[in-house]
Amino acid sequence: MKFMYAILLCIILVFVYNYNILVGIIVSLLLLGYGIYHYLPQIYSMQGRKYFKAGNYDAAKLLFKKAVDTGHAKGDIRMEYSYILLRTGDIDEAEQIVNNMLCYKIKPEFRGRAIIQRCMCYYKKGNLDEALEDGMELYNEGYRSIMLYGMLGFFKILKDPMSEETFNFCREAYEYVDDDRDIRDNLLICYYNHGEYEKAKEISDMVLENNPKFVEAWYHGAQIDFAMGDYENALQKLEKTYKCNRSFMTT
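Residues numbered from 1 in each chain as written. Predicted model: local features only at pLDDT ≥ 70, side-chain atom pairs only at ≥ 80, totals over all residues. Heavy atoms only, no water.

### Focus on the overall build of the protein
For clarity, the cut-off: Strands here are runs of E lasting at least two residues and helices are runs of H or I lasting at least four, both read from the DSSP assignment and numbered beginning at the N terminus. Exposure is judged per residue with a 1.4 Å probe applied to protein chains only, and the accessible area is read against the type maximum: over 50% gives exposed, under 20% gives buried, and values in between give partly exposed. We get accessible surface area from the Shrake-Rupley algorithm with a probe of 1.4 Å; when it comes to residues, only the shown protein chains can shield them.
Secondary structure summary: the protein contains 13 helices and zero strands in total. The order of α-helices and β-strands along the protein, N terminus first, is α-α-α-α-α-α-α-α-α-α-α-α-α. Expressed as a percentage of its 251 residues, the buried residues of the protein come to 40%. Total accessible area on the protein stands at roughly 14900 Å², and carbon and sulfur atoms take up 57% of it.

### Observations regarding the pattern of salt bridges
Pairing between side chains of opposite charge can happen when the charged atoms of each approach one another. What counts is decided by this rule: Each reported salt bridge corresponds to a side-chain nitrogen of Lys or Arg within 4 Å of a carboxyl oxygen of Asp or Glu.
For the structure shown, the criterion picks out 15 salt bridges. Between Glu 80 and Arg 49 there is a salt bridge; the shortest N-O distance is 2.8 Å. Taken together, the positions of Glu 80 in helix H4 (residues 75–87) and Arg 49 in helix H2 (residues 21–53) put the pair 31 residues apart, joining distant regions of the chain. The exposure class of Arg 49 is partly exposed, given its relative accessible area of 27%. The shortest N-O distance in the salt bridge between Lys 125 and Glu 95 comes to 2.9 Å.

### Considering the environment of Leu 235
In this fold, Leu 235 is placed in helix H13 (residues 231–240). For Leu 235, a relative accessible area of 49% corresponds to the partly exposed category. Along the primary structure Leu 235 and Tyr 219 are separated by 16 residues, whereas in three dimensions their C-alpha atoms are 9.7 Å apart.

### Quick word on helix H10 (residues 181–193)
This is how the line gets drawn: One less than the number of residues in a helix, times 1.5 Å, gives the span that helix is expected to have. For the purposes of these results, a polar contact is taken to be a pair of N or O atoms within 3.5 Å, where, inside protein, one atom must be able to donate a hydrogen and its partner to accept one; residues adjacent in sequence count only when each atom of the pair is a side-chain atom.
Between the first and last C-alpha of H10 there are 18 Å, a value that for 13 residues agrees with the 18 Å anticipated at 1.5 Å per step. Of all the residues in H10, the buried ones are Ile 183, Arg 184, Asp 185, Asn 186, Leu 187, Leu 188, Ile 189, Cys 190 and Tyr 191. Here H10 starts with a cap whose side-chain oxygen sits 3.1 Å from the backbone nitrogen of Asp 182, and that cap is Asp 180. Positive phi appears at Gly 195, one or two residues downstream of H10, with a value of about 75 degrees.

### With respect to the packing of helix H12 (residues 215–227) against H13
Using the following cut-off: Note on method: axes are straight lines fitted to C-alpha atoms, helices fitted across the in-contact stretch only, with angles between N-to-C directions ranging 0 to 180 degrees. Orientation is classified from the angle alone, with under 35 degrees giving roughly parallel, over 145 giving roughly antiparallel, 65 to 115 giving roughly perpendicular, and any other angle giving oblique. Should any heavy atoms of two residues lie within 4.5 Å, those residues are considered in contact. Polar here means any residue outside two lists: the nonpolar Ala, Val, Leu, Ile, Met, Phe, Trp, Tyr, Cys and Pro, and the charged Asp, Glu, Lys and Arg; Gly therefore counts as polar.
Between H12 and H13, the shortest axis-to-axis distance is 8 Å and the interhelical angle comes to 170 degrees. When the axes of H12 and H13 are compared, the pair comes out roughly antiparallel. Of H13, the residues touching H12 (which contributes Trp 218, Tyr 219, Gly 221, Ala 222, Asp 225 and Phe 226) are Tyr 231, Asn 233, Ala 234, Lys 237, Leu 238 and Lys 240. Here the contact of H12 with H13 is composed, by residue class, of seven nonpolar, two polar and three charged.

### Quick word on the nonpolar core
Formally: Definition of nonpolar core: a set of buried residues of the types Ala, Val, Leu, Ile, Met, Phe, Trp, Tyr and Cys, connected through side-chain atoms within 4.5 Å.
Grouped together as the largest cluster of nonpolar side chains are 38 residues, with contacts concentrated most on Met 120, Tyr 123, Tyr 139, Leu 148, Met 151, Leu 152 and Phe 155. When contributions to this core are tallied by element, the ones reaching two or more residues are helix H3 (57–69), H4, helix H5 (91–102), helix H6 (108–124), helix H7 (128–140), helix H8 (146–159) and helix H9 (164–176). Ranked by the residues each element gives to this core, the list is headed by H6, at seven residues. The residues contacting Tyr 139, other than those within four sequence positions of it, are Arg 144, Leu 148, Tyr 149, Leu 152, Phe 169 and Glu 172. Among the nonpolar cores identified, the runner-up in size contains 18 residues, and Ile 189, Cys 190, Val 215 and Trp 218 belong to it.

In structure tokens form, the structure reads like this:
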């Protein structure tokens, strides 16, 4: 459809230039201005993502703020901005972004992600019960996603680490997708808590084979090695944590 619009626009410009070159130039400049205005959020967010991947969260936050401040940033850009605000510890701002989105009728996938993000805000503000309740309400509605499974598994481990319900939920999440780092991490913690160190280590080794940069992977791997009496490997894994990325979201 966009391709057809582009062809139609080119045809119109040809007619305008044939009619009057000056009018054609004016129309071209107006279209260029509109194009820049329309795509400005995407331009800012693209630059912001580069800074985010490089670990410069403050620069990423500034660029995403500019994108949202244009007033016509799409839902995915607003969600990314909220996540970056969480990474930098700006919880109230992050929560305000998703609350504003939830005030309007939005696509189901954005609604689910917004609620998940708000739950993370609740958790970081110390309201674990409220975060777990809202997340489970979304789950009971039938919504499923890797993010929801990973978040709820983590919350359940914090709330009741030894319960069979927590263990079953983390196993269900692993059946939903078995290659996500957070879902794997949750399940290996459950095995560790129940003294099933061999099973915990099997999953931990899968997590660590890609040399991840998140602290929890190495820390939990070290816990398992320590519990199994492998103190040398436990120490080596703990030393790896010094080179990992850290943010306000690090657990």
